[in-house]
Amino acid sequence: MNPLKHVAIIMDGNGRWGLKYKNSRNAGHKAGLDTVEMIIKETIKNKIDYLTLFAFSTENWKRPKKEIYYLFNLLENFLINKIEELDRNNIKLKILGSKKFSSKLNELLDYSEKKTSKNSKLQINLALNYGSKLELINAFKKISKSKNKINEKNLQKYLQTKNIPDPDILIRTGNTKRLSNFLLWQLAYTEIFFEKKLWPAFTEKDFKRIIKEYKNTKRNFGKI
Ligand code: FPP
């Protein structure tokens, strides 16, 4: 059976779910947060070390201001209400992407990362204002300024995911089959699961099914 250390998720479909069931895209984001909480619990139960969630891409700034405001407000409240609990549960929070938000949210993110930095049961990487192409460009710039040779091992050191193993599983909900500029380097050998369900409808049972299928998959990494 394959070991499972890292699950990454593109949580797609909040907007469609919200419009379909509550006549509001934002209601979909709120419901999506409940799925996030369920997934955190399941990740701990399954003794997975890393959970990476794509919460906001560099392209998401093109959305209406009202929706962006709602999403960041949701995140602020989540951190205010949950960071102590995450800390008590030995969970570390790390932000991937560049923190270019309101000063209140930037401070809250810094505080949350610092407060949980020594924790070791589960690391949650929250990708916020994250784009993989930009991450790679920045890594190449840094490596070319250094005296290091350009090779895989050295490049990894300049990625934001330095010291984090590559994802074993990527789940994308929402019935869309694309990577949307998420962890393009890190996903080179990841097992990918595209799910029809919208993120707020994604259940514990779906997660368990994916884990079971992954564990029984033959991973070749280029070998036969
Ligand atoms: C994609 O669905 C989802 C997002 C851009 C935001 C994800 C946010 C959450 C799950 C809630 C907040 C999370 C945290 C960690 C506080 P979409 O809006 O693109 O859906 P659509 O494809 O149906 O439009």
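In what follows, the accompanying structure is described. (Residues numbered from 1 in each chain as written. Predicted model: local features only at pLDDT ≥ 70, side-chain atom pairs only at ≥ 80, totals over all residues. Heavy atoms only, no water.)

1. A look at the overall build of the protein
Then step 1. Along its length, the protein carries seven helices and six strands.
Then step 2. The N-to-C order of helical and strand elements in the protein reads β-α-α-β-α-β-α-β-α-α-β-β-α.
Then step 3. Relative to the compact-globule value of 17 Å for 224 residues, the protein shows a C-alpha radius of gyration of 17 Å, a close match.
Then step 4. With the C-alpha coordinates aligned to their principal axes, the bounding extent of the protein is approximately 50 × 45 × 35 Å.
Then step 5. For the protein, the proportion of its 224 residues judged to be buried stands at 48%. (Helix = DSSP H or I, 4+ residues; strand = E, 2+ residues; numbered from the N terminus. Rg over C-alpha atoms; globule rule 2.2 N^0.38 Å. Buried < 20%, exposed > 50% of the residue type's maximum accessible area, 1.4 Å probe, protein only.)

2. Considering the environment of Leu 4
Then step 1. Here Leu 4 lies in the segment before strand S1 (6–10).
Then step 2. In sequence terms Leu 4 and Ile 169 are 165 residues apart; their C-alpha atoms lie 8.1 Å from each other.
Then step 3. Look past the residues within four positions of Leu 4 in its chain and what remains in contact with it is Lys 47, Ile 48, Asp 168, Ile 169, Ile 211, Tyr 214 and Lys 215. (Contact = heavy atoms within 4.5 Å.)

3. What to know about the packing of aromatic side chains
Then step 1. Counted according to the given criterion, the structure contains 11 aromatic pairs.
Then step 2. Seen in terms of ring centroids, Trp 199 and Phe 202 are 5.6 Å apart; in terms of plane orientation they differ by 15°. Their pairing is stacked.
Then step 3. Classification of Trp 199 as buried rests on a relative accessible area of 1%.
Then step 4. On the accessibility criterion, Phe 202 (3% relative accessible area) is buried. (Phe/Tyr/Trp six-rings, centres within 6.5 Å; stacked < 30°, edge-to-face > 60°.)

4. Looking at the site of the ligand
Then step 1. In the region of the ligand, 17 residues are neighbours, and Asp 12, Gly 15, Arg 16, Arg 25 and Arg 63 sit closest.
Then step 2. Within the side chain of Asp 12, one N or O atom sits 2.9 Å away from an oxygen atom of the ligand.
Then step 3. With respect to the ligand, the backbone of Asn 14 contributes an N or O atom lying 3.2 Å from an oxygen atom.
Then step 4. Within the residue set of the shell around the ligand, elements represented by two or more residues are helix H1 (14–22), helix H2 (25–45) and helix H3 (65–88).
Then step 5. Residues of the shell around the ligand, tallied by class, amount to seven nonpolar, six polar and four charged. (Near = heavy atom within 4 Å. Polar contact = N/O pair within 3.5 Å; in protein donor to acceptor, adjacent residues only side chain to side chain. Nonpolar A, V, L, I, M, F, W, Y, C, P; charged D, E, K, R; others polar.)

5. So, helix H5 (residues 132–145)
Then step 1. Here H5 is 14 residues long and its end C-alpha atoms lie 20 Å apart, about the 20 Å a rise of 1.5 Å per residue gives.
Then step 2. Looking only at H5, the buried set comprises Ser 132, Glu 135, Leu 136, Ala 139 and Ile 143. Each buried residue of H5 lies within a common arc of 95° when the element is viewed along its axis, so the set occupies one face. Exposed and oriented more than 90 degrees from the buried face of H5 are Lys 133, Lys 141, Ser 144 and Lys 145.
Then step 3. Of the surrounding secondary structure, the elements contacted by the buried residues of H5 are strand S4 (122–130) and helix H6 (152–157). (Expected span 1.5 Å × (residues − 1). Arc of directions from axis to C-beta.)

6. A word on the sheet that holds strand S2 (residues 50–57)
Note: strands within a sheet are paired through backbone hydrogen bonds, in either parallel or antiparallel orientation.
Then step 1. Pairing within the open sheet is parallel, and its six strands lie in the order S3-S4-S2-S1-S5-S6. With one partner strand each, in any of the chains shown, strand S3 (91–96) and strand S6 (191–194) form the two edges of the open sheet. Taken pair by pair, the neighbouring strands of this sheet meet at an average axis angle of 20°, ignoring direction.
Then step 2. Examined bridge by bridge, S2 and S4 share seven bridges and lie parallel to one another. Counted as the bridge partner of Thr 52 is Asn 125 from S4.
Then step 3. Along the sheet, helix H4 (residues 103–115) makes contact with S3 and S4, crossing S3 at roughly 140°. (Pairing = 2+ DSSP bridges. Axes fitted to C-alpha atoms, helices over the stretch in contact; angles between N-to-C directions.)

7. As for the nonpolar core
Then step 1. Counting residues in hydrophobic clusters, the biggest one holds 42 residues, and the most contacted among them are Val 7 and Ile 9.
Then step 2. The residues touching Ile 9, leaving out its near neighbours within four places in the chain, are Ile 39, Leu 51, Thr 52, Leu 53, Phe 54, Leu 170, Ile 171, Phe 182 and Trp 199. (Core = buried A, V, L, I, M, F, W, Y, C linked by side-chain atoms within 4.5 Å.)

8. So, the pairing of S2
Then step 1. With seven of eight residues buried, S2 is to be regarded as a mostly interior element.
Then step 2. Pairing between S1 and S2: five bridges, direction parallel. Bridge pairing in S2 links Ile 10 to Phe 54.

9. Looking at the packing of H2 against helix H7 (residues 204–215)
Then step 1. For the pair H2 and H7, interaxial distance at closest approach is 10 Å and the crossing angle is 40°. Overall, the two elements H2 and H7 adopt an arrangement that is oblique. Between H2 and H7 lies a crossing whose hand is right-handed. Along its contact with H2, which presents Met 38, Ile 39, Glu 42, Thr 43 and Lys 45, the element H7 presents Glu 204, Phe 207 and Lys 208. (Parallel < 35°, antiparallel > 145°, perpendicular 65-115°, else oblique. Left-handed = near helix turned anticlockwise from the far one by under 90°.)

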